[in-house]
Amino acid sequence: MVRQRQQRDRLQPRRQGLGRDQQRGRLRHPDLQHRPARRDLRQPAWTGANIHYQPTGGTWTPVPGVAMDETACPGWKKKTIALGTATGLKAAFNNGSGTWDNNGGGDYAIGRGVSTVKGGVVTAGATSPCGDGPGPSPTPTVDPGEVAASFNANVTTSYGQNVFVVGDVAELGGWDPAKAVALSPTSYPVWKATVSLPAGTAVSYKYVKKNPDGSVTWESDPNRSFTTPSGGAVTRDDTWR
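Residues numbered from 1 in each chain as written. Predicted model: local features only at pLDDT ≥ 70, side-chain atom pairs only at ≥ 80, totals over all residues. Heavy atoms only, no water.

Enquirer: Is there a simple way to think about the confidence of the model for the protein in this case?
Expert: Taken residue by residue, the protein gives an average pLDDT of 78. The fraction at 70 or more is 75%. Every residue in residues 7-43 is under pLDDT 50, and counting partners more than four places away or in other chains gives 230 contacts. Predicted confidence is poor over residues 133-142, with pLDDT under 50, and the contacts of this stretch with residues over four places away or in other chains come to eleven contacts. (pLDDT = per-residue confidence, 0-100. Contact = heavy atoms within 4.5 Å.)

Enquirer: How do you make sense of the packing of aromatic side chains when you look at a structure like this?
Expert: We describe a pair of aromatic rings using the distance from one ring centre to the other and the angle between the two ring planes. Per the stated rule, a full pass over the model turns up seven aromatic pairs. Taking 6.3 Å as the distance between ring centres and 40 degrees as the angle between the ring planes, the aromatic pair formed by Trp175 and Trp218 counts as tilted. Here the residue Trp175 occupies a position in the loop between β12 (162-167) and β13 (181-182), and Trp218 occupies one in strand β17 (residues 216-218), the gap between them amounting to 43 residues. Overall, Trp175 belongs to the partly exposed group, its relative accessible area being 29%. For Trp218, a relative accessible area of 35% gives the class partly exposed. With a centroid separation of 6.1 Å and an interplanar angle of 75 degrees, the aromatic rings of Tyr188 and Trp191 are classed as edge-to-face. For Tyr188, a relative accessible area of 18% translates into the label buried. The rings of Phe151, Tyr205, Tyr207 and Phe226 are connected pair by pair, giving a single aromatic cluster. Lys209 extends its terminal NZ or CZ atom over the ring of Trp240, reaching a point 4.8 Å from the ring centre. (Phe/Tyr/Trp six-rings, centres within 6.5 Å; stacked < 30°, edge-to-face > 60°. Helix = DSSP H or I, 4+ residues; strand = E, 2+ residues; numbered from the N terminus. Buried < 20%, exposed > 50% of the residue type's maximum accessible area, 1.4 Å probe, protein only. Lys NZ or Arg CZ within 6 Å of the ring centre and 35° of its normal.)

Enquirer: Got a minute to help me understand the side chain of Thr228 in this structure?
Expert: Examined against the element boundaries, Thr228 turns out to sit in the loop between β18 (224-227) and β19 (233-239). For Thr228, the contacting residues outside a window of four places in its chain are Val147, Leu197, Pro198, Ala199, Gly200, Thr201 and Val203.

Enquirer: Explain the sheet that holds strand β14 (residues 184-187) here, please?
Expert: Hydrogen bonds between backbone atoms are what pair the strands of a sheet, whose relative direction is either parallel or antiparallel. Taken in spatial order, the four strands of this open sheet run β14-β15-β11-β19, and their pairing is mixed. Of all the strands in the sheet, the pair left with one neighbour each is β14 and β19. Taking the axes of each pair of neighbouring strands and ignoring which way they run, one obtains an average angle of 30 degrees across the sheet. Both β14 and strand β15 (residues 190-198) contribute to a ladder of two bridges, which runs antiparallel. Of the residues in β15, the one forming a bridge with Ser187 is Val190. (Pairing = 2+ DSSP bridges. Axes fitted to C-alpha atoms, helices over the stretch in contact; angles between N-to-C directions.)

As structure tokens, this is what we get:
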């Protein structure tokens, strides 16, 4: 997850003739697949922010990068980036209108886990300023007639890929990948999500990978299946096949 704090110092306008690093303003936030990095952006205040990044051993995202559009608290921008097997990334930020913060041309180096970027300083293992950092997941609230189904899938991914669960019930998208439930890579390589499903119901499902180019990779047959209990919770521990 990458989080950006809005700040005024360190923003450099993008100009023709600058080197590739300066033009792209390499984004170095974490998120990495797994968690936030935050950047202080004051200049005039940015109404939006993108993160342009390069996973370790990988290639840079196309300019201007990807939008930091996840829900965050006032003054911060946030993005979670799937790193696959990469140990971290280099990054720079921009407002989508030619203004960049690339750490004075040096880019930001960000590792796995939750990181914040503020005032030109990257803090690894930081506590989320929005109060949603690492910690025990709250017990989901389940309506009567439903059960909390936890999906834990051991899946190795490449940078930019994300994992989803899709199935035959409406809560799992009705076999439509566009409506599939996203799994969190926080415990990579185990991807997790908890979904409320109807109690006492037979469920068929599969995992899919959504690729950076928008294509979808399905795991092999047969479908996975189970029947939800009459109440309480159920956990599915799976490995990609």
